[in-house]
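Summary of the model geometry
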Amino acid sequence: RLLDYPAYFDLLSLDLPSDKEKILAALEADGMITSCRTGNYNITNLGAILFAKRLSDFPSLERKSIRVIKYNSNNKMSASREHVVNKGYANGFEGLITYINSIVPHNEIMGEALRKDVPMYPELVVRELVANAIIHQNFFVHGTSRRIKFFPFEWEFIIPVAPFLKKKVFF
């Protein structure tokens, strides 16, 4: 009930098995869960960080959620929108990219007959930047979340890499 296991099969382009044992066997084969002596299963950190329905259900990973903050000006006092993605990275990635694409600046392009709203940044660029911000982190650093900040003329990715050190990447 804590893992979005249908998303696991969907992302791997596999049919969802019809019985519980095959689902558990597939998740265990990929290291998402491990069996224990009691006959139950434990969710691994890998399984939780990728496919948690809510990262906050896992105390060691709850601060690994991703915060997206949009500012109206270069002043950090003027946040207009904030969104926290509390899902696992794999099952929450598409929603995160959709949300970010909704807040990046858009241009209106005149076609032959109709106007078309086009984002200023290609979706591929957004996806790669966000994927790198998520992946390149130190999982031993606790107490701070990954943040993506949007200012009018720059993006800022804050990725905790060591205690009291922030890695900032500007775009």
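Just so you know, these numbers come straight off a predicted model, no measurement behind them. (Residues numbered from 1 in each chain as written. Predicted model: local features only at pLDDT ≥ 70, side-chain atom pairs only at ≥ 80, totals over all residues. Heavy atoms only, no water.)

For the rest of this paragraph, the subject is the environment of Asn101. Among the structural elements, Asn101 can be located in helix H4 (residues 89-103). Look at Asn101 and you get buried, because its relative accessible area is 13%. Sequence separation of Asn101 and Arg127 is 26 residues, and the distance between their C-alpha atoms is 9.4 Å. Those residues in contact with Asn101 that lie beyond four places of it in its chain are His106, Glu123 and Val126. (Helix = DSSP H or I, 4+ residues; strand = E, 2+ residues; numbered from the N terminus. Buried < 20%, exposed > 50% of the residue type's maximum accessible area, 1.4 Å probe, protein only. Contact = heavy atoms within 4.5 Å.)

The residue Ser13 is not glycine, and still its phi comes out positive at about 55°. Tracing the chain through its elements places Ser13 in the loop between helix H1 (5-11) and helix H2 (20-29).

Turning to the nonpolar core, a few remarks are in order. Considering soluble globular proteins, one finds that nonpolar side chains tend to be buried as a cluster. Counting residues in each nonpolar core, the largest one holds 25 residues, and the members touching the most others are Ile66, Val68, Leu96, Ile100, Val130, Ile148 and Phe150. Elements that contribute at least two residues to this core include exactly helix H3 (45-51), strand S3 (66-71), H4, helix H5 (123-135), strand S7 (146-151) and strand S8 (154-162). Of all the elements, H4 adds the most residues to this core, at 6 residues. Contact partners of Ile148, with chain neighbours within four places excluded, come to Ile66, Arg67, Val68, Ile69, Ile100, Val130, Glu156 and Phe157. With 10 residues, the next largest nonpolar core counts Ile23, Leu27, Ile33 and Phe51 among its residues. (Core = buried A, V, L, I, M, F, W, Y, C linked by side-chain atoms within 4.5 Å.)

Moving on, we come to the confidence of the model for the chain. Confidence in the prediction of the chain, expressed as mean pLDDT, is 86, and 93% of residues score 70 or more. The spread of mean pLDDT over the elements of the chain runs between strand S9 (residues 165-170), the lowest at 52, and H1, the highest at 96. (pLDDT = per-residue confidence, 0-100.)

Time to look at the pattern of salt bridges. What the rule picks out here adds up to 4 salt bridges. A salt bridge links Arg127 to Glu123, with the nearest nitrogen and oxygen atoms 3.8 Å apart. Taken together, the residues Arg127 and Glu123, both in helix H5 and 4 residues apart, mark about one turn of the helix. For Glu123, a relative accessible area of 45% translates into the label partly exposed. (Salt bridge = Lys/Arg side-chain N within 4 Å of Asp/Glu carboxyl O.)

A few words now on the side chain of Ser65. Positionally, Ser65 belongs in the loop between H3 and S3. Once residues within four sequence positions are removed from consideration, Ser65 is found in contact with Leu55, Val84, Val85, Asn86, Ser145 and Arg146.

Relative to strand S4 (residues 79-85), S3 runs antiparallel, the two being bridged by 6 bridges. The residue of S4 that forms the bridge with Lys70 is Arg81. Inspection of the sheet shows S3 paired to S7 by 5 bridges, in the parallel sense. Bridging across to S7, Val68 finds its partner in Ile148. (Pairing = 2+ DSSP bridges.)

For the structure on display, the rule yields 6 aromatic pairs. Look at Tyr8 and Phe9: their rings are 4.9 Å apart centre to centre, the planes differ by 85°, and that puts the pair in the edge-to-face class. Residue class for Tyr8 comes out buried when judged on its relative accessible area of 5%. Judged by centre distance (4.8 Å) and plane angle (70°), the rings of Tyr121 and Trp155 are edge-to-face. Residue Tyr121 is found in the loop between strand S6 (115-119) and H5, and its partner Trp155 is found in strand S8; the two are separated by 34 residues along the sequence. According to the relative accessible area criterion, Tyr121 is partly exposed, its value standing at 22%. In this structure Trp155 comes out as buried when scored by relative accessible area, which is 2%. Following the ring pairs from residue to residue traces out a cluster consisting of Tyr121, Phe150, Trp155 and Phe157. (Phe/Tyr/Trp six-rings, centres within 6.5 Å; stacked < 30°, edge-to-face > 60°.)

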